[in-house]
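Below are the chains, spelled out letter by letter.
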Amino acid sequence: IGQGAVQSALMLQGEWWRAVTALCLHTSGAHLLGNLVFGTVFLMLLSQVTGAGVAALAMITAGAAGNVISALVQSPAHTSIGASTAVFAGIGLLAALRLARRQDFEFSALRNWTPVAGGLALLAFLGLSGENTDILAHVLGFASGIAAGLLLAKWDRDWTVDGGLQWTC
């Protein structure tokens, strides 16, 4: 596990690739299965908005960003693994993209924030409990997803129609 895990001290010494490789490592079959099930659900939902290629790249990138920020703020001895940071990044991406889209309609300001509230509820129910849960990584993955989703929303385009972009991603 240590070969590709997020290990704060090693990442701060230049091994930034660990932010991505840690997303592929899991402690058990149940850990892997949970991340596959929830990751697939949120990847499919996000794919409806951005297309499959952009969705996959955005989830991995935002998940890796969450791991980098986690390494920067955790103690040098901190180690973590798992795709859950990317799963929560996917939830954040979806919430932010839906928030940006809803603001184009004539809803109340409070109602516009419903997608983010839903994302926060999922974070609370799925990511803030359990043995060996890296809560900070989950929160930072969600926050990175929100930031990435707001950035993608700035382009204001239909990502799903660009097949070349989807394959490139």
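Residues numbered from 1 in each chain as written. Predicted model: local features only at pLDDT ≥ 70, side-chain atom pairs only at ≥ 80, totals over all residues. Heavy atoms only, no water.

Engineer: Looking at this structure, how should I read helix H3 (residues 29-50)?
Structural biologist: Residues lying three or four places apart along an α-helix face the same way, a consequence of the helix completing one turn every 3.6 residues. Spanning 22 residues, H3 covers 30 Å between terminal C-alpha atoms, matching the ideal 32 Å at 1.5 Å per step. Every buried residue of H3 is accounted for by Asn35, Gly39, Phe42, Leu46, Ser47 and Thr50. Here the buried residues of H3 occupy an arc of 150° about the axis, which is enough to place them on one side. Those residues of H3 that are exposed and angled more than 90 degrees off the buried face are Gly29, Ala30, Leu33, Met44 and Gln48. Just past H3, the residue Gly51 takes up positive phi, approximately 90°. (Helix = DSSP H or I, 4+ residues; strand = E, 2+ residues; numbered from the N terminus. Expected span 1.5 Å × (residues − 1). Buried < 20%, exposed > 50% of the residue type's maximum accessible area, 1.4 Å probe, protein only. Arc of directions from axis to C-beta.)

Engineer: How should I be thinking about the pattern of salt bridges in this particular structure?
Structural biologist: When their charged atoms lie close together, side chains carrying opposite charge are able to pair. Inspection of every chain in the model, using the stated rule, returns 2 salt bridges. Across the salt bridge formed by Arg18 and Glu15, the nearest N and O atoms sit 2.6 Å from each other. Its relative accessible area of 6% is what places Arg18 among the buried residues. Taking the relative accessible area as the measure of exposure, Glu15 reaches 25% and is therefore partly exposed. Asp162 serves as the salt-bridge partner of Arg157, at 3.0 Å between the closest nitrogen and oxygen. Since its relative accessible area comes to 27%, Asp162 is described here as partly exposed. (Salt bridge = Lys/Arg side-chain N within 4 Å of Asp/Glu carboxyl O.)

Engineer: What am I meant to see in the state of the cysteines here?
Structural biologist: In protein structure, a disulfide is the covalent linkage between the sulfur atoms of two cysteines. Summed over the entire model, instances satisfying the criterion amount to 0 disulfides. Among the cysteines around Cys24, which has no disulfide bond, Cys169 carries the closest sulfur, lying 18 Å off. Taking relative accessible area as the criterion, Cys24 reaches 61% and is therefore assigned exposed. Since its relative accessible area comes to 34%, Cys169 is described here as partly exposed. (Disulfide = S-S within 2.5 Å.)

Engineer: Sorry if this is basic, but what is going on with the nonpolar core here?
Structural biologist: As a rule of thumb, nonpolar side chains are buried together in soluble globular proteins. Judged by nonpolar contacts, Leu46, Val54, Ala55, Ala58, Met59, Ala62, Ala89, Leu93, Leu94, Leu97, Leu152 and Trp159 together constitute the single largest core of 12 residues. When residues of this core are traced back to their parent elements, those giving at least two are helix H4 (52-73) and helix H5 (84-102). Ranked by the residues each element gives to this core, the list is headed by H4, at 5 residues. Among all residues touching Val54, those that are not within four sequence positions of it are Leu152, Trp159, Leu165, Gln166 and Cys169. Within the second largest apolar cluster, 11 residues are counted, among which are Phe88, Ala96, Leu99 and Ile146. (Core = buried A, V, L, I, M, F, W, Y, C linked by side-chain atoms within 4.5 Å. Contact = heavy atoms within 4.5 Å.)

Engineer: Just checking my understanding: could you explain the side chain of Ser84 for this structure?
Structural biologist: For Ser84, the position within the fold is in helix H5. Apart from residues no more than four positions distant in its own chain, Ser84 is found in contact with Asn35 and His138.

Engineer: I would appreciate a short explanation of the packing of aromatic side chains in the present structure.
Structural biologist: Remark: the centre distance and the inter-plane angle together describe each pair of aromatic rings, the angle taken between the planes. In this structure the tally under the stated criterion is 1 aromatic pair. Arranged with centres 5.8 Å apart and planes meeting at 85°, the rings of Trp155 and Trp159 form a pair that is edge-to-face. (Phe/Tyr/Trp six-rings, centres within 6.5 Å; stacked < 30°, edge-to-face > 60°.)

Engineer: In this structure, what is going on with the confidence of the model for the protein? I would like to understand it.
Structural biologist: If pLDDT is low for a region, its predicted coordinates should not be looked at in detail. Confidence in the prediction for the protein averages 87 pLDDT; 92% of positions are at 70 or higher. Between the elements of the protein, mean pLDDT differs from a low of 69, seen in helix H6 (residues 109-112), to a high of 95, seen in H4. (pLDDT = per-residue confidence, 0-100.)

Engineer: It is not clear to me how the layout of surface pockets should be interpreted in this structure. Could you clarify?
Structural biologist: Unfilled space is identified by rolling a water-sized probe across the atoms. Of the volumes computed, that of the largest pocket is approximately 570 Å³. Around the largest pocket, the lining is made up of 29 residues, and of these His31, Ser84, Asn132, Thr133 and His138 lie nearest the centre. Of all elements in the fold, only H3, strand E2 (79-80), H5 and helix H8 (135-155) reach the threshold of two or more residues within the lining of the largest pocket. In terms of residues, the lining of the largest pocket owes the most to one element, H3, which gives 6 residues. The class makeup of the residues in the lining of the largest pocket is 12 nonpolar, 15 polar and 2 charged. (1 Å grid on protein atoms, 1.4 Å probe; cavity = no way out; pocket = protein on both sides within 12 Å on 5 of 7 lines; lining within 4 Å. Points joined across faces, edges and corners; volume = space filled by probe spheres on them. Nonpolar A, V, L, I, M, F, W, Y, C, P; charged D, E, K, R; others polar.)

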